[in-house]
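One letter stands for each residue in the lines below.
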Amino acid sequence: MRNLFALLWKNQFFVLFILLEVTSIVLLSRSYSYHGSITHNTTSDITGSVFSSYGNISDYLSLANENEVLANENAELRNMIDASFLITDTLYVYRDSMFRYIPAKVISNSVSKSNNFIMINKGANHGIKKEMGVISSNGVAGVVVGVSDHFSTIMSMLHGNMRISARIKNSGQLVNVIWDNNDYLFGTVIDIPSHIKLGKGDSIITSGNSLIYPEGIMIGQIESHEINNNKNLTTAILRYSTDFNSIKHLYAIENIMKQEQDSLLSQFDSDNE
Amino acid sequence: MIQIMNNVTVRNIIRFISLILIQVLVLNNMNLSGYLNPYLYILFILLLPANINRSLLLIIAFLTGLTVDYFGNTLGLHASACVAIAFMRPGTINLFFRNYEFNSGESPAPASIGYRGFLKYAISLTFIHQIILFYLEVFSLNNFLFTFSKVMLSTVLSVLLMMIAILITSKRKKS
């Protein structure tokens, strides 16, 4: 036993190297699954405050541009209020809102890695919870995976494990959207039934099946569709409507009825067992 | 003697803080042609004193990598690449600068080993760091050539930035 310790001590450099390398790989491997990245991520007030104080400075540089985007969005929202409609439907008595939007500012973001994350300046104190959907004013942006008191981390659409349920706007067919690692401008639409032919510019929207996003939020437009007669399901390239390299403002979406929907689903699951 | 040591320690701590801040605040937000990201912080590990205790070197490198990971949400990725180059560093120094006597606390910087020697040293370790980093990140050998081109370009870019950083800081010392 003593000899063993002596041997280890003599080779402490090598032993330490192996030890540290194994530690890193274990830490790394935990973050490779989707749920791994939900439970183990490094959102904290320390990294958050460093990023946000830096963000305060850099925001001044893009104020003009941001104002324009916000003004456009205000105009769009104004179009949606009741007063904007000519005819008010008197039969429309029951209206319950299902989704609530929490505006947030991006304080750190990446697009060049194989798995990209976005950090925003709103956290648990502002009502952000894990697995809430996040959109920009142009389209879907990601899913919340980590929350601290004042900050949250978002798994961006540009993450290898990202997969969201979508719909082809024209035909209503259900498909899935993933990201295949190369370019932050483009995603991949998979599981397209082979009888569907998509043209350039066809819109892909959220399906509403995931309970995370409302139905009909823009994801992107088809860039090219490869038709292969031998397969039942085909894939297409999609251009994201969100420009991930320049996003500054995001909205986290709270599904107020998620608990009710989830409990309904789990009830069904337990009935099946 | 103690004064020399403190001086070296302080200089390295300042280097650590400034390089990490530049890395996570500026360079991590830089995406040249879409996916290139230079890694300047490796310079801190390269410039640690040449005759530093080897185990201490491993631990410092691990913590450096972990700090960068912490900000980039990639826990373990940079740490493993940094530990690997720290492991290879003593051998590399021995290979390239066998004839040079390093004083206590002296860095293997261009000031002592010349620009040519430093380039050889920096390129080889940065290259290894980038290989580990990029292949661990995608975790597959698919797109091998695409990833390899990223490794090459990123190495060139990182070493270029290191040289610029060294030129800027060494000028300041003279004046």
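Rules and cut-offs
- Residues numbered from 1 in each chain as written.
- Chains lettered and ligands numbered in written order.
- Predicted model: local features only at pLDDT ≥ 70, side-chain atom pairs only at ≥ 80, totals over all residues.
- Helix = DSSP H or I, 4+ residues; strand = E, 2+ residues; numbered from the N terminus.
- Buried ≥ 20, exposed ≤ 12 C-beta atoms within 10 Å, placed from the backbone.
- Contact = placed C-beta atoms within 7 Å.
- Axes fitted to C-alpha atoms, helices over the stretch in contact; angles between N-to-C directions.
- Parallel < 35°, antiparallel > 145°, perpendicular 65-115°, else oblique.
- Left-handed = near helix turned anticlockwise from the far one by under 90°.
- Nonpolar A, V, L, I, M, F, W, Y, C, P; charged D, E, K, R; others polar.
- Pairing = 2+ DSSP bridges.

Chemist: Is there a simple way to think about the overall build of chain B in this case?
Modeler: Each helix and strand counted, chain B has 6 helices and 0 strands in total. Secondary structure of chain B in N-to-C order comes out as α-α-α-α-α-α. By the burial criterion, 39% of the 175 residues in chain B qualify as buried. For chain B, long-range pairs separated by at least 24 residues make up 64% of all intrachain contacts whose partners lie at least 6 apart in sequence.

Chemist: Whenever I open this one, the packing of helix α3 (residues 54–72) of chain B against helix α4 (residues 77–96) of chain B confuses me. Can you help?
Modeler: The geometry of a pair of packed helices is captured by two quantities: the angle between their axes and the separation between those axes. All names here are of chain B. Relative orientation of the contacting elements α3 and α4 amounts to 155°, with a least axis distance of 7 Å. In terms of orientation, α3 lies roughly antiparallel with respect to α4. Of the two possible hands of crossing, α3 and α4 adopt the one that is right-handed. Contacts between α3 and α4 involve Arg-54, Leu-57, Leu-58, Ala-61, Phe-62, Thr-64, Gly-65, Leu-66, Val-68 and Asp-69 from the first element and Leu-77, His-78, Ala-79, Ala-81, Cys-82, Val-83, Ile-85, Ala-86, Phe-87, Arg-89 and Pro-90 from the second. Of the residues in the contact of α3 with α4, the class split is 15 nonpolar, 3 polar and 3 charged.

Chemist: Got a minute to help me understand the sheet that holds strand β2 (residues 115–120) of chain A in this structure?
Modeler: Pairing between sheet strands relies on hydrogen bonds along the backbone, with the strands arranged either parallel or antiparallel. All names here are of chain A. Spatially, the 6 strands close up into a barrel ordered β1-β2-β5-β4-β3-β12, and their pairing is antiparallel. Averaged over all neighbouring strand pairs, the angle between strand axes comes to 45°, with direction disregarded. As judged from the 7 bridges shared by strand β1 (residues 99–109) and strand β12 (residues 249–255), these two strands associate in the antiparallel manner. When the bridges of β12 are listed, Lys-105 appears paired with His-249.

Chemist: Please clarify how the interface of chain A and chain B should be interpreted in this entry.
Modeler: Accessible area lost during the coming together of the parts is what is often quoted as the interface size. Each partner contributes to the interface: chain A provides 28 residues, whereas chain B provides 26 residues. Elements represented by at least two residues in the side of chain A that touches chain B include exactly α2 (12–30) and α4 (45–59) of chain A. A total of 10 residues in the side of chain A that touches chain B trace back to one element, the largest contributor, which is α2 of chain A. Of the residues assigned to the side of chain A that touches chain B, the class counts are 12 nonpolar, 13 polar and 3 charged.

Chemist: Help me out: how do you make sense of the packing of α2 of chain A against α4 of chain B in this one?
Modeler: Interaxial distance between α2 of chain A and α4 of chain B falls to 8 Å at its minimum, and their mutual angle equals 160°. Classed by the angle they form, the pair α2 of chain A and α4 of chain B counts as roughly antiparallel. The crossing of α2 of chain A and α4 of chain B is left-handed. Only Leu-77, Ala-79, Ser-80, Val-83, Ala-84 and Phe-87 of chain B of α4 of chain B make contact with α2 of chain A, whose side of the interface consists of Phe-17, Leu-20, Glu-21, Ser-24, Ile-25 and Leu-28 of chain A. For the contact of α2 of chain A with α4 of chain B, the class distribution of residues is 9 nonpolar, 2 polar and 1 charged.

Chemist: What should I look at first to understand the sheet that holds strand β11 (residues 233–240) of chain A in this one?
Modeler: Residue and element names in this part refer to chain A. On the basis of which strands lie adjacent, the closed barrel formed by 6 strands has the order β6-β7-β8-β11-β10-β9 and antiparallel pairing. For this sheet the average axis-to-axis angle between neighbouring strands, irrespective of direction, equals 40°. Relative to β11, strand β8 (residues 186–193) runs antiparallel, the two being bridged by 6 bridges. Bridge assignment links Val-189 to a residue of β11, and that residue is Ala-236.

Chemist: I would appreciate a short explanation of the environment of Ala-166 of chain A in the present structure.
Modeler: Residue and element names in this part refer to chain A. Inspection of the secondary structure assignment puts Ala-166 in strand β6 (residues 163–168). According to the C-beta neighbour criterion, Ala-166 is buried, with 28 such atoms within 10 Å. Those residues in contact with Ala-166 that sit more than four places away from it in its chain are Val-175, Asn-176, Val-177, Ile-204, Ile-205, Thr-206, Ser-207 and Ile-219.

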